[in-house]
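Here's the letter readout for the chains.
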Amino acid sequence: MTKSALQVARAAYKPKMPKALYGSVKVEEGAATQSIADQEEVKKLFPNTYGMPILKFVESSEKVNLPVMNVGVILSGGQAPGGHNVIAGIFDGIKSLNKDSKIYGFLMGPGGLIDHKYQELTSDIIDEYRNTGGFDIIGSGRTKLETKEQFDKGLEILKKLDIKALVIIGGDDSNTNACVLAEYYKAINAGVQVIGCPKTIDGDLKNEMIETSFGFDTACKVYSEVIGNIERDCNSARKYWHFIKLMGRSASHIALECALQTQPNFCIISEEVEAKNQSLDDIVTEIATAVANRAANGNNFGTVLIPEGLIEFIPAMKILISELNDFLAHHQDEFNAVAKDEKRQYIIRNLSEKNAAIYESLPEGVARQLTLDRDPHGNVQVSLIETEKLLAEMVGNKLAEWKKAGKYSGKFASQVHFFGYEGRCAAPSNYDADYCYSLGYTAAALIGSGKTGYMSSVRNTTAPADQWIAGGVPVTMMMNMERRHGEMKPVIQKALVKLDGAPFKFFAANREKWAVGTEYVYPGPIQYFGPSEVSDQPTVTLKLEQGK
Ligand code: FBP
């Protein structure tokens, strides 16, 4: 592999860790825990892993030398910067407990465990990937690990490789499944511990004990750099409104963090749209008003940030999508037989009156996407809907109406962008490099302490790394019961943007000023070297959440 100059220099970076992890550690156990809701139901489903205490690792003078403990690792779901450092941290941590322990990576996600596809990760391989972005060391995948057959199939290869612990690096669903697996292996006395690590750029796997999911920091910094560049471009040319969609599936954490970093003229927060029961037209009117207000000051340019999951948070769109899903599930063949230019009218004729009116108001392209792009379960793939184009087009139409009515006299030209994949494999920021390595090292300490059903937790991360607190949180503690595919299931509760939380409140208190003025902030590219106040900054979200 030809390496860039940055990659070569970055390979030498030594991630910072909580002070306690540098030598031998001992575990301090807190009080027994319970799930955040539905305690009785969750307890019944996890008789062996429910109620365990929160753990904290503290320095110890005792020398530990544990027996050989081979460990398996799985990267699950979408890429997030820092995954390689989690694996490096596990590797170094496990070797510190016994140098003869081995690490095996299961290839291309949880599917690798089921299909027995794996690779031993030796020190040469690990060294090639330290502080790099991507998940390419072993690949990732979205196979769900959830059935007994899969668990048993996995156990065969774990036994063959004498693996005593499995670390699943994934988001809320993967960690839920990791916990189900931990419970199952404990119930059948399989002798395999299961530990989770919190991953996802979306930032929606967080709670009292998990401050943030790894990758969120780097991805937001990458997007904010480019948003800042666009802001500067639009403030230079003064002729475009830029509509920028940001990845993040459902929660708007990424859009909010980027807004906090770059102070755009407008940022939609899906959770607020839902809480205010806003329609698509309400959102379009709000943006058009911002455009008109700026135009009145001679500023025919601006930036709008749009969270990827917006469509599903607009209550009326949610109802429309649900009716479309049901209708097409039963009439797909009939729909396929309709001539291309008749399809739109066919849908309008067959929807309920209210939904037909909403559908009719949508621009052609989006209406088509709602009926065409469906996943294997028959659901609309909302992430493929080009909301940035939809809003740019609808705002343009609204302004044209206002112009006719003499209510607006500015000029409106738009550009659209979608930032997502370009942030998922960036070289991890110092924050993510340190956080991930610490998460991995903590996972190794949890394994060394014989724990299962825990998620690796590193807290107090707005302080310098030596003051970070490493420990473990029982996964059952984060669970509640939710309806999934028509059945009540125990799942880790997804963290959406809290409208009464400090990051949103800060945004809400400033957004009017940012809408009218041109108060852009240009964060520039991630800095891997240099003064700590430039290169070691955590996200604004985290700082505000921790009152800093
Ligand atoms: P994870 O939750 O698995 O980390 O995935 C995050 C994400 O990047 C979302 O933001 C996005 O909607 C989705 O993955 C895209 O998935 P894919 O890589 O399959 O296109």
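Identification of the protein chain as Pyrophosphate--fructose 6-phosphate 1-phosphotransferase from Dysgonomonas macrotermitis is taken from an unreviewed UniProt entry. Under the Subcellular location (unreviewed entry) heading, UniProt states for the protein chain: "Cytoplasm". Quoted straight from UniProt, the Sequence similarities (unreviewed entry) entry for the protein chain says "Belongs to the phosphofructokinase type A (PFKA) family. PPi-dependent PFK group II subfamily. Clade 'Long' sub-subfamily."

*Asks:* Is there a simple way to think about the overall build of the protein chain in this case?
*Replies:* Within the protein chain, the secondary structure is distributed over 22 helices and 15 strands. Over its C-alpha trace the protein chain gives a radius of gyration of 25 Å, about what one expects of a compact globule, namely 24 Å for 548 residues. Each principal axis of the C-alpha distribution contributes one length, and for the protein chain these read about 80 × 55 × 50 Å. Residues classed as buried in the protein chain amount to 49% of the 548 residues present. Residue pairs in contact within the protein chain that sit at least 24 positions apart in sequence constitute 79% of those at least 6 positions apart.

*Asks:* Mind showing me how you'd approach helix α7 (residues 172-187) here?
*Replies:* Given 3.6 residues per helical turn, the α-helix brings residues three or four places apart onto the same face. Spanning 16 residues, α7 covers 23 Å between terminal C-alpha atoms, matching the ideal 22 Å at 1.5 Å per step. In terms of residue burial, α7 counts as a mostly covered element, since 13 of its 16 residues are buried. Asn189, located one to two residues past α7, shows a positive phi value of around 55°.

*Asks:* Help me out: how do you make sense of the site of the ligand in this one?
*Replies:* Of all residues adjacent to the ligand, which total 13 residues, the nearest are Gly77, Gly78, Gly171, Thr200 and Arg249. Classifying every residue of the shell around the ligand by side-chain character gives 3 nonpolar, 6 polar and 4 charged. The residue makeup of the shell around the ligand includes at least three contributed by each of domain 1 (31-215 + 428-492) and domain 2 (219-238 + 245-392 + 500-527).

*Asks:* Please explain the packing of helix α9 (residues 253-262) against helix α20 (residues 502-516) as it appears in this structure.
*Replies:* Any two packed helices are characterised by how steeply their axes cross, that is the angle between the axes, and by the distance between the axes. At a minimum axis separation of 10 Å, α9 and α20 run at an interaxial angle of 50°. On the basis of their axis angle, the class for α9 and α20 is oblique. The handedness of the crossing between α9 and α20 comes out as left-handed. Residue-level contacts link Leu256, Ala259 and Leu260 of α9 to Pro503, Phe504, Phe506 and Phe507 of α20. Residues of the contact of α9 with α20, tallied by class, amount to 7 nonpolar, no polar and no charged.

*Asks:* Just checking my understanding: could you explain the environment of Glu323 for this structure?
*Replies:* Relative to the assigned elements, Glu323 resides in helix α13 (residues 315-337). Each C-alpha atom, one on Glu323 and one on Asn70, is 50 Å from the other, the two residues being 253 residues apart in sequence.

*Asks:* Explain unusual backbone geometry to me, please; I cannot follow it from the model alone.
*Replies:* Most of the time, phi is negative for any residue but glycine, and the peptide bond is trans. In this structure, His116 takes a positive phi of about 60° despite not being glycine. With respect to the secondary-structure elements, His116 resides in the loop between α4 (110-114) and β5 (118-120). Residue classification places His116 among the partly exposed residues on the basis of 15 C-beta atoms within 10 Å. Even without glycine at this site, Asn189 takes up a positive phi of about 55°. Summarising the element assignment, Asn189 is placed in the loop between α7 and β7 (193-198). The class of Asn189 is exposed, set by 8 C-beta atoms lying within 10 Å.

*Asks:* Mind showing me how you'd approach the sheet that holds strand β13 (residues 469-474) here?
*Replies:* Paired through their backbone hydrogen bonds, the strands of a sheet run either parallel or antiparallel. Within the open sheet, the 9 strands sit side by side as β1-β2-β13-β12-β7-β6-β3-β4-β5. Their pairing is mixed. Each edge of the open sheet carries a strand with a single partner, namely β1 (24-32) and β5. Neighbouring strand axes in the sheet, compared pairwise and without regard to direction, differ in orientation by 25° on average. Pairing of β1 with strand β2 (residues 53-60) involves 7 bridges; the strand directions are antiparallel. Residue pairing for β2: Val25 is matched across the bridge by Glu59. Contacts from helix α3 (residues 83-97) reach β3 (70-75), β4 (103-106), β6 (163-170) and β7 within the one sheet, and its direction differs from that of β3 by about 175°.

*Asks:* What's the story with the nonpolar core in this structure? I'm lost.
*Replies:* Side chains of nonpolar character tend, in soluble globular proteins, to be buried together. Counting 154 residues, the largest nonpolar core has Ile90, Val167 and Ala255 as the members making the most contacts within it. When residues of this core are assigned to their parent elements, the largest contribution, 12 residues, is made by helix α19 (residues 430-448). A domain split of this core shows at least three residues from each of domain 1 (31-215 + 428-492) and domain 2 (219-238 + 245-392 + 500-527). Beyond its immediate stretch of four places on either side in the chain, Ala255 contacts Leu246, Gly248, Cys267, Ile268, Ile269, Leu305, Ile306 and Pro307.

*Asks:* Help me understand the packing of helix α11 (residues 280-296) against helix α17 (residues 387-404), please; the structure alone is not making it clear to me.
*Replies:* Put simply, α11 and α17 touch, their axes get as near as 9 Å, and they point 65° apart. α17 is crossed by α11, and the crossing has right-handed handedness. Of the residues in α17, those touching α11 at Val284, Thr285, Ile287, Ala288, Val291 and Ala292 are Leu391, Met394, Val395, Lys398, Leu399 and Trp402. Of the residues contributing to the contact of α11 with α17, the split by class is 10 nonpolar, 1 polar and 1 charged.

*Asks:* How should the domain arrangement of the protein chain be read in this particular structure?
*Replies:* Many descriptions give the size of an interface as the accessible area lost when the pieces come together. Annotation of the protein chain at the domain level lists domain 1 (31-215 + 428-492) and domain 2 (219-238 + 245-392 + 500-527). Computed over C-alpha atoms, the centres of domain 1 and domain 2 are 34 Å apart. With 7 residues of domain 1 in contact, the opposing surface of domain 2 contributes 9 residues. Residue composition of the side of domain 1 that touches domain 2, grouped by class: 2 nonpolar, 3 polar and 2 charged.

*Asks:* Before we go on, may I ask you to explain the environment of Lys206 in this structure?
*Replies:* With respect to the helices and strands, the residue Lys206 is situated in the loop between β7 and α8 (216-237). Once the C-alpha coordinates of Lys206 and Lys494 are considered, the two residues, 288 residues apart in sequence, prove to be 7.8 Å apart. Discounting chain neighbours no more than four positions away, the residues touching Lys206 are Glu211, Thr212, Ser213 and Ala495.

*Asks:* I'm lost on the sheet that holds strand β8 (residues 241-246) in this one. Help?
*Replies:* Read from one edge to the other, the open sheet built from 4 strands follows the order β9-β10-β8-β11, with strand pairing classed as parallel. Among the strands making up the open sheet, the edge pair consists of β9 (266-267) and β11 (414-419). With 6 bridges connecting them, β8 and β11 associate as parallel partners. Within the sheet, the bridge partner assigned to Lys245 lies in β11 and is Phe418.

Calculation notes
- Residues numbered from 1 in each chain as written.
- Predicted model: local features only at pLDDT ≥ 70, side-chain atom pairs only at ≥ 80, totals over all residues.
- UniProt positions renumbered as here; feature names shortened; annotations may be inferred.
- Helix = DSSP H or I, 4+ residues; strand = E, 2+ residues; numbered from the N terminus.
- Rg over C-alpha atoms; globule rule 2.2 N^0.38 Å.
- Buried ≥ 20, exposed ≤ 12 C-beta atoms within 10 Å, placed from the backbone.
- Contact = placed C-beta atoms within 7 Å.
- Expected span 1.5 Å × (residues − 1).
- Near = placed C-beta within 6 Å.
- Nonpolar A, V, L, I, M, F, W, Y, C, P; charged D, E, K, R; others polar.
- Domains from an automatic or database assignment.
- Axes fitted to C-alpha atoms, helices over the stretch in contact; angles between N-to-C directions.
- Parallel < 35°, antiparallel > 145°, perpendicular 65-115°, else oblique.
- Left-handed = near helix turned anticlockwise from the far one by under 90°.
- Pairing = 2+ DSSP bridges.
- Core = buried A, V, L, I, M, F, W, Y, C linked by C-beta atoms within 7 Å.

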